[in-house]
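Read off the chains here:
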Amino acid sequence: MMRIITGKFRGVRLDTLPGDETRPTSERVKEAVFSSIQFDITDRRVLDLFAGSGQLGLEALSRGSGDVTFVDASPDAVAIVKKNAEKCGVFPACRYAISDYRTYLRKCRGREPWDLIFIDPPYRLGCVPDALARILDAGCAAPGCLLVCESGESEIFGGNADLAARFEVVKAARYSITYITILRLLPEASR
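As a starting point, this report considers the structure included with it.

### A look at the overall build of the protein chain
Consideration 1: A count of helical and extended segments in the protein chain gives six helices and nine strands.
Consideration 2: Within the protein chain, contacts between residues separated by at least 24 positions form 68% of all contacts whose residues are at least 6 apart in sequence.
Consideration 3: In the form shown here, the protein chain has an accessible surface area of approximately 8,900 Å², with 48% of it arising from carbon and sulfur atoms.
Consideration 4: If you average the places of the 26 positive and of the 25 negative side-chain charges in the protein chain, the two averages end up 3 Å apart.

Given below as structure tokens:
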């Protein structure tokens, strides 16, 4: 069972897709992430890039973020996100997109940038380095943007030193098979 941990929607139970197509972030990992970014959430524009059930974006909303955009390639996942947003009473306040991350990031060039981005793809895709590079290329991360990356590997930059140089690693931790890396976009990298 997944639920919102704290804030306005504390205790709201969230639906997930049946089967193992999506892998919800464990409550332990979610709590560690939000403890680390708790002072960087209020009024932030949030992108939940591989939304799944929407639990990360909804947790951010519960804790006072501004608006949240949920993106997932699966129409079924986006339907679950919408259902969960309705349960929290924030359906109209959110944006939803059925799109793979590459297409979505290409199309968001020139839009108002996000302040907090969750990157939590299926581990088998190994696409965190590519997602980071595309976010930079699209210019959709605001100066000082926090990026919360969840991966099955400790090396989230794919060995790309140029990519790594554009971020400050705020926190890196391992929880069983899950690696959480919280990055801050360096000011010169957002230009």
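### Digging into the sheet that holds strand β4 (residues 68–72)
Sheet strands pair by backbone hydrogen bonding; their relative direction is either parallel or antiparallel.
Consideration 1: Read across the open sheet, the seven strands follow the order β5-β4-β3-β6-β7-β9-β8; overall the sheet is mixed. At either margin of the open sheet sits one strand with a lone partner, and together these are β5 (95–98) and β8 (167–175). This sheet shows a mean twist of 15° between the axes of neighbouring strands, independent of strand direction.
Consideration 2: Summarising the sheet, strand β3 (residues 46–48) and β4 pair through three bridges and their orientation is parallel. Along β4, the bridge assignment pairs Leu-47 with Thr-69.
Consideration 3: Sitting on the sheet, helix α1 (residues 27–37) is in contact with β6 (114–119), β7 (141–151), β8 and β9 (178–185), with an inclination near 20° to β9.
Consideration 4: Where helix α5 (residues 128–138) meets the sheet, it contacts β6, β7, β8 and β9, and its direction lies at approximately 170° from that of β7.

### Observations regarding the packing of aromatic side chains
Consideration 1: The final tally for this structure, using the stated rule, is six aromatic pairs.
Consideration 2: Summarising the aromatic geometry, the rings of Phe-70 and Tyr-96 are spaced 5.9 Å apart at their centres and angled 15° between planes, so their arrangement reads as stacked. On the criterion of sequence distance, the pair formed by Phe-70 in strand β4 and Tyr-96 in strand β5 is long-range, its members being 26 residues apart.
Consideration 3: A ring pair is formed by Phe-157 and Phe-167, whose centres lie 6.0 Å apart and whose planes are at 25°; its orientation type is stacked. Remark: Phe-167 occurs in strand β8 and Phe-157 occurs in the loop between β7 and α6 (161–164); sequence separation between them is ten residues. Note on accessibility: Phe-157 and Phe-167 belong to one class, buried.
Consideration 4: Every member of this aromatic cluster is reached through a ring pair, and the members are Phe-70, Phe-91 and Tyr-96.

### Observations regarding helix α2 (residues 55–62)
Consideration 1: Within α2, eight of the eight residues are buried, which leaves it mostly tucked inside the rest of the structure.
Consideration 2: Positive backbone phi, approximately 105°, marks Gly-64, located one or two places after α2.

### What about α5?
Consideration 1: Of the positions making up α5, those classed as buried are Val-128, Pro-129, Ala-131, Leu-132, Ile-135, Leu-136 and Ala-138.
Consideration 2: Those residues of α5 that are buried are in contact with α4 (101–107), β6, β7, α6, β8 and β9.
Consideration 3: Immediately downstream of α5, the backbone of Gly-139 shows phi near 65°, a positive value.

### Remarks on empty space enclosed by the protein
Consideration 1: Within the structure shown, the criterion is met by two cavities of 30 Å³ or more.
Consideration 2: Considering only enclosed or pocket space, the largest cavity measures out at about 30 Å³ in volume.
Consideration 3: Lining the largest cavity we find Gly-126, Cys-127, Val-128, Pro-129, Ser-151, Glu-153, Glu-155 and Ile-156.
Consideration 4: Residue composition of the lining of the largest cavity, grouped by class: four nonpolar, two polar and two charged.
Consideration 5: As a volume, the second largest cavity reaches approximately 30 Å³.
Consideration 6: As for the second largest cavity, its lining consists of Thr-25, Val-29, Lys-30, Val-33, Leu-56, Phe-118, Val-148, Glu-150 and Ile-180.
Consideration 7: Counting residues per element, the ones that place at least two in the lining of the second largest cavity are α1 and β7.
Consideration 8: By residue number, the principal contributor to the lining of the second largest cavity is α1, which donates three residues.

### Some points on the pattern of salt bridges
Consideration 1: For the structure on display, the rule yields twelve salt bridges.
Consideration 2: Here Lys-87 makes a salt bridge to Asp-15, at a shortest N to O gap of 3.2 Å. Of this pair, Lys-87 sits in helix α3 (residues 75–88) while Asp-15 sits in the loop between β2 (13–14) and α1, and the two are 72 residues apart along the sequence.
Consideration 3: Judged by relative accessible area, Lys-87 falls into the partly exposed class, the value being 40%.
Consideration 4: The closest approach of N and O atoms between Asp-67 and Arg-95, which form a salt bridge, is 3.1 Å. Note that Asp-67 is positioned in the loop between α2 and β4 and Arg-95 in strand β5, a separation of 28 residues in sequence.
Consideration 5: By sharing partners, the salt bridges in this structure join Arg-45, Asp-67, Arg-95 and Glu-112 into a single network.

Calculation notes
Residues numbered from 1 in each chain as written. Predicted model: local features only at pLDDT ≥ 70, side-chain atom pairs only at ≥ 80, totals over all residues. Heavy atoms only, no water. Helix = DSSP H or I, 4+ residues; strand = E, 2+ residues; numbered from the N terminus. Contact = heavy atoms within 4.5 Å. Areas by Shrake-Rupley, 256 points an atom, 1.4 Å probe, with all protein chains shown as cover. Lys, Arg positive; Asp, Glu negative; His and termini not counted. Charge placed at Lys NZ, Arg CZ, Asp CG, Glu CD. Pairing = 2+ DSSP bridges. Axes fitted to C-alpha atoms, helices over the stretch in contact; angles between N-to-C directions. Phe/Tyr/Trp six-rings, centres within 6.5 Å; stacked < 30°, edge-to-face > 60°. Buried < 20%, exposed > 50% of the residue type's maximum accessible area, 1.4 Å probe, protein only. 1 Å grid on protein atoms, 1.4 Å probe; cavity = no way out; pocket = protein on both sides within 12 Å on 5 of 7 lines; lining within 4 Å. Points joined across faces, edges and corners; volume = space filled by probe spheres on them. Nonpolar A, V, L, I, M, F, W, Y, C, P; charged D, E, K, R; others polar. Salt bridge = Lys/Arg side-chain N within 4 Å of Asp/Glu carboxyl O.

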